[in-house]
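So the chains spell out like this:
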Amino acid sequence: MFDTLQDRLHEVFKNLRGKSRLTEADIDATAREIRLALLEADVNLGVVKEFIANLKSRALGADVHKALNPSQQIIKIVDEELVAILGGEARPLRFAKRPPTVIMLAGLQGSGKTTLAGKLGLWLKGQGHSPLLVAADLQRPNAVNQLQVVGERAGVHVYAPEPGNGVGDPVQVARQSILHAMSKLYDVVVVDTAGRLGIDSELMQQAADIRAAVNPTEVLFVVDAMIGQDAVNTASAFDDGVGFDGVVLTKLDGDARGGAALSIAKVIGKPIMFASNGEGLKDFDAFHPDRMASRILG
Ligand code: GDP
């Protein structure tokens, strides 16, 4: 993950080793190389500009730690600026004061929503909760069945429309699932919604209707990190059309560059709350900007 960026940054830091002090020219050259490394990683241009401006002013200004050598100083600043663009503090999942907590998943088809429902279910179970997964994706013929399979693997119950009831109304299914959760004492309801291959107004409207029907505690936008800056654009469209509270990045394991991960929180102004890095149900965890920054720096 983010291998090229890591290699490039290591190269930059290596070039600073052995220097006893940094001249303005050193800082300029370093900033230029880091700028290139971030652009090559497909980081949003505005985010790169701000990152570099902060880096330069901090390296030139009084913000340098006297106890650190120049290379360490730059590493420290890059680390802190990476944490900042990744969202700063981790943003934990909110739970409703009165159960059930309702978590609605939204995103494009193939982004990994259904898999994520299983991962989240397993994760919630591990935290002592009693989750219920809801199949409100009635668009794809196999989606209900896929959620049932994932639920079984995770050992989490799935609420689905009765087979043979025709296409069904996802808004109705979502609404009924909340009543079901209340009567069966599930304390967290994870609602999987339909996605399309691209953004369309019907999809947005359906997600907005489900949102209005279940009044979610959290709406999570699920996005495939491998699509790079398209992830940021899609997030923006979903935020306008449906609105969401936090981002879940999936397929980080296949994301060699890291552009989406490093841009989305800053551009959209919403926290990355979870990250998924594999097809297995356990390849998933709450997102911590500081841990991610440390992994990038290696
Ligand atoms: P949905 O259409 O949004 O419900 O997406 P799915 O949950 O069906 O996922 C689409 C594909 O991506 C499936 O083949 C999943 O196994 C795969 N997938 C989901 N999450 C990850 C991940 O974090 N890493 C990898 N490598 N594959 C994933």
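Since we're looking at a predicted model, the values are computed, not measured. (Residues numbered from 1 in each chain as written. Predicted model: local features only at pLDDT ≥ 70, side-chain atom pairs only at ≥ 80, totals over all residues. Heavy atoms only, no water.)

### Digging into the pairing of strand E1 (residues 101–106)
Link 1 in the chain: With 6 of its 6 residues buried, E1 lies for the most part within the structure.
Link 2 in the chain: In terms of strand pairing, E1 meets strand E4 (residues 188–193) through 5 bridges, oriented parallel. Bridged to isoleucine 103 within E4 is valine 190.
Link 3 in the chain: Sheet topology note: the E1/strand E5 (residues 218–224) ladder contains 4 bridges and is parallel. Of the residues in E5, the one forming a bridge with methionine 104 is valine 219. (Buried < 20%, exposed > 50% of the residue type's maximum accessible area, 1.4 Å probe, protein only. Helix = DSSP H or I, 4+ residues; strand = E, 2+ residues; numbered from the N terminus. Pairing = 2+ DSSP bridges.)

### Remarks on the environment of alanine 261
Link 1 in the chain: Within the secondary structure layout, alanine 261 lies in helix H10 (residues 259–268).
Link 2 in the chain: Once you skip the residues sitting within four places of it in the chain, alanine 261 turns out to touch Phe2, Leu86, Leu249, Leu252 and Ile272. (Contact = heavy atoms within 4.5 Å.)

### Looking at the nonpolar core
The nonpolar side chains of a soluble globular protein tend to be buried with one another.
Link 1 in the chain: If you look at the biggest cluster of nonpolar residues, it comprises 100 residues, and the most contacted ones within it are Ile34, Val78, Leu82, Leu105, Leu120, Phe238 and Phe274.
Link 2 in the chain: With residues up to four places along the chain from it excluded, the contact list for leucine 82 reads Phe51, Leu262, Ala293, Ile296 and Leu297. (Core = buried A, V, L, I, M, F, W, Y, C linked by side-chain atoms within 4.5 Å.)

### Brief notes about the site of the ligand
Link 1 in the chain: Close contacts around the ligand come from 17 residues, with Gly110, Thr114, Thr115, Asp253 and Glu279 the closest.
Link 2 in the chain: Between the ligand and serine 276, the relevant distance is 3.5 Å, taken from an oxygen atom to a side-chain nitrogen or oxygen of the residue.
Link 3 in the chain: In the model, an oxygen atom of the ligand is placed 3.1 Å from a nitrogen or oxygen of the glycine 278 main chain.
Link 4 in the chain: Considering the ligand on its own, with 580 Å² of exposed area, one finds that the protein chains cover 80% of that surface.
Link 5 in the chain: Take the shell around the ligand: its biggest share by element is 4 residues, from helix H5 (residues 113–126). (Near = heavy atom within 4 Å. Polar contact = N/O pair within 3.5 Å; in protein donor to acceptor, adjacent residues only side chain to side chain. Areas by Shrake-Rupley, 256 points an atom, 1.4 Å probe, with all protein chains shown as cover.)

### Some words on the packing of aromatic side chains
Link 1 in the chain: All told, the structure shown has 5 aromatic pairs when counted by the stated rule.
Link 2 in the chain: Ring plane angle 20° and centroid distance 5.1 Å describe the contact between phenylalanine 221 and phenylalanine 244, whose orientation is recorded as stacked. Highlighted residues: phenylalanine 221 in strand E5 and phenylalanine 244 in the loop between helix H9 (229–241) and strand E6 (246–250), separated in sequence by 23 residues.
Link 3 in the chain: By relative accessible area, which is 1% here, phenylalanine 221 ends up buried.
Link 4 in the chain: On the basis of relative accessible area, phenylalanine 244 is assigned to the buried category, the value being 4%.
Link 5 in the chain: Measuring from ring centre to ring centre gives 5.2 Å for phenylalanine 274 and phenylalanine 284, while their planes differ by 15°; the resulting arrangement is stacked. Note that phenylalanine 274 is positioned in strand E7 (residues 272–276) and phenylalanine 284 in strand E8 (residues 284–286), a separation of 10 residues in sequence. Accessibility assignment for this pair places phenylalanine 274 and phenylalanine 284 in one class, buried.
Link 6 in the chain: Put simply, the rings of Trp123, Phe274 and Phe284 touch in pairs and so form one group of aromatic residues. (Phe/Tyr/Trp six-rings, centres within 6.5 Å; stacked < 30°, edge-to-face > 60°.)

### So, the confidence of the model for the protein chain
Link 1 in the chain: When pLDDT is averaged along the protein chain, the result is 93; 97% of the residues meet or exceed 70.
Link 2 in the chain: Model confidence for the complex: the whole-complex pTM is 0.95, and ipTM, which rates the interface, is 0.99. (pLDDT = per-residue confidence, 0-100.)

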